[in-house]
Amino acid sequence: MRKIQMVDLQSQYAFIREQVEAGMQEVLSSAQFINGPAVKSFQSNLEAYLVVKHVIPCANGTDALQVAMMGLGLQPGDEVITADFTFAATVEVIALLGLTPVLVDVDPVSFNISPQAIEKAITPKTKAIVPVHLFGQVADMYAIMAIAKKHNLYVIEDNAQGIGATHTDREGNKIKTGGIGNVGSTSFFPSKNLGCYGDGGAIFTNDDELAHSLRGIVNHGMYERYHHDVVGVNSRLDSLQAVVLDEKLKLLDYYNERRKWAAIRYTQLFAGHDKIITPKVVRDCQSHVFHQYTLRVIDANRDELVKHLQQKGIPCGVYYPIPLHAQKAYRSDRYKEDDFTVTNQLVKEVISLPMHSELDDEQIQSIVQAVLAFLDK
Ligand SMILES: *Cc1c(COP(=O)(O)O)cnc(C)c1O
């Protein structure tokens, strides 16, 4: 059996090595390291894949979120609602821009932001909602878009974990995540479903005016060379990373299908166990791309299970062990513990098992056996 890894970037690389190396060689010979043809090619291929009018590549997923918020013209004091149970980058950029983060609880089944909790948190200062398609599952965009419309709020999708997932709207139209709200962001960190070999990110929108604004912001607020109209940042995707991404984009649907296969296999093997809640796909199977396969462990010591797996040489992760509202940097008097009953429970129960496009059946079986050996002892 091949060594089990949380993500297996070596095997993935072996499969695309020739094409990636040839593309990189071309960039090296042309010396067009920044904004070269490779970046333009990837940008237009990603626009076509997502069926979105504008992709603005940038340096990483955190910048993508920050620039999206800058582009919408959010001002200090504006309140931005997001999930308590997510990676810190989401709340970090809200705070960094002087906006007021308002963290709310999540749904126990999908792990995604709770529409009821969003409604409860809306005040006259609320300007935007940031749903995260956590672990690769589309957030409840029916409800979120309806709330946004009713209260005239922007929707910024943090799609760092959900690229390739599909949302079916009320009219039955299929829309790729990142293109549902006013603006979407993603990360190309190596372990993401579409990852490069360093840092990278992108912003998506169907709004021409916003796209123009975002293109200037990522380039020092320049819309005309050396004319700085707004305060911007320097955030670029480099050509070498674009080569990798362009190659991997061709395989993204295949990668996501492999992840779904692995998820279904895990779920079959864990079926009916009374100490495990397997992840639920809330809508159709297109709505989950399994960035993580995350179990809830009930009536058992999750931390001991982590240790047990580590001893067996099986990697696993706890995403996320501390709710954001309890993090030193993001505490606020506005929060009451009662508002976060689901997140407070999830942080004690969740464990993410190895999940990537190269997992095979033998590996999955041995991971499941190791989990069950602990729970059934
Ligand atoms: C990875 C991630 C980010 C940040 O992406 P970077 O490219 O690492 O800056 C933001 N939000 C979520 C939900 C993520 O998983």
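Rules behind the numbers
Residues numbered from 1 in each chain as written. Predicted model: local features only at pLDDT ≥ 70, side-chain atom pairs only at ≥ 80, totals over all residues. Heavy atoms only, no water. Patch = residues over 30% accessible without salt bridge, like charges linked within 9 Å, V, L, I, M, F, W, Y side chains within 5 Å. Areas by Shrake-Rupley, 256 points an atom, 1.4 Å probe, with all protein chains shown as cover. Salt bridge = Lys/Arg side-chain N within 4 Å of Asp/Glu carboxyl O. Helix = DSSP H or I, 4+ residues; strand = E, 2+ residues; numbered from the N terminus. Buried < 20%, exposed > 50% of the residue type's maximum accessible area, 1.4 Å probe, protein only. Domains from an automatic or database assignment. Contact = heavy atoms within 4.5 Å. Buried area = accessible area lost by both parts, 1.4 Å probe. Polar contact = N/O pair within 3.5 Å; in protein donor to acceptor, adjacent residues only side chain to side chain. Axes fitted to C-alpha atoms, helices over the stretch in contact; angles between N-to-C directions. Parallel < 35°, antiparallel > 145°, perpendicular 65-115°, else oblique. Left-handed = near helix turned anticlockwise from the far one by under 90°. Nonpolar A, V, L, I, M, F, W, Y, C, P; charged D, E, K, R; others polar. Near = heavy atom within 4 Å.

## Quick word on a nonpolar patch on the surface
For step 1, the next point in the chain: On the surface, Leu28, Phe33 and Ile34 cluster together into a nonpolar patch covering about 260 Å² of accessible area.
For step 2, the next point in the chain: Here Ile34 lies in the loop between helix H1 (9-30) and helix H2 (37-50).
For step 3, the next point in the chain: For Ile34, a relative accessible area of 43% corresponds to the partly exposed category.

## Quick word on the domain arrangement of the protein
For step 1, the next point in the chain: When cut into domains, the protein gives domain 1 (9-249) and domain 2 (252-375).
For step 2, the next point in the chain: Distance between the C-alpha centres of domain 1 and domain 2: 24 Å.
For step 3, the next point in the chain: At the interface, 49 residues of domain 1 touch 37 residues of domain 2.
For step 4, the next point in the chain: Note on domain 1 versus domain 2: buried area summed over both sides is about 3,700 Å², and carbon and sulfur give 56% of it.
For step 5, the next point in the chain: Across the contact surface, domain 1 and domain 2 share 25 residue pairs in polar contact (both at pLDDT 80 or more).

## Some remarks on the packing of H1 against helix H8 (residues 239-249)
For step 1, the next point in the chain: One can describe the packing of H1 onto H8 by two numbers: an axis separation of 9 Å at closest approach and a directional angle of 140°. The angle between the axes of H1 and H8 places the two elements in the oblique class. Handedness of the crossing formed by H1 with H8: right-handed. Between H1 and H8, the residues in contact are Gln12, Ile16, Gln19, Val20, Gly23, Met24, Val27 and Leu28 and Ser239, Leu240, Val243, Val244, Glu247 and Lys248, respectively.
For step 2, the next point in the chain: Across the contact of H1 with H8, the residue classes break down as eight nonpolar, four polar and two charged.

## Describing the site of the ligand
For step 1, the next point in the chain: Gly61, Thr62, Asp158, Ser187 and Lys192 are the nearest of the 13 residues found near the ligand.
For step 2, the next point in the chain: Note that an oxygen atom of the ligand is positioned 3.5 Å from one of the side-chain N or O atoms of Asn60.
For step 3, the next point in the chain: Take Asp158: an N or O atom from its side chain is 2.8 Å from a nitrogen atom of the ligand.
For step 4, the next point in the chain: Alone, the ligand offers 380 Å² of accessible surface; in the complex the protein occludes 91% of this.
For step 5, the next point in the chain: When contributions to the shell around the ligand are tallied by element, the ones reaching two or more residues are helix H3 (61-71) and helix H4 (89-96).
For step 6, the next point in the chain: A class-by-class count of the residues in the shell around the ligand yields four nonpolar, seven polar and two charged.

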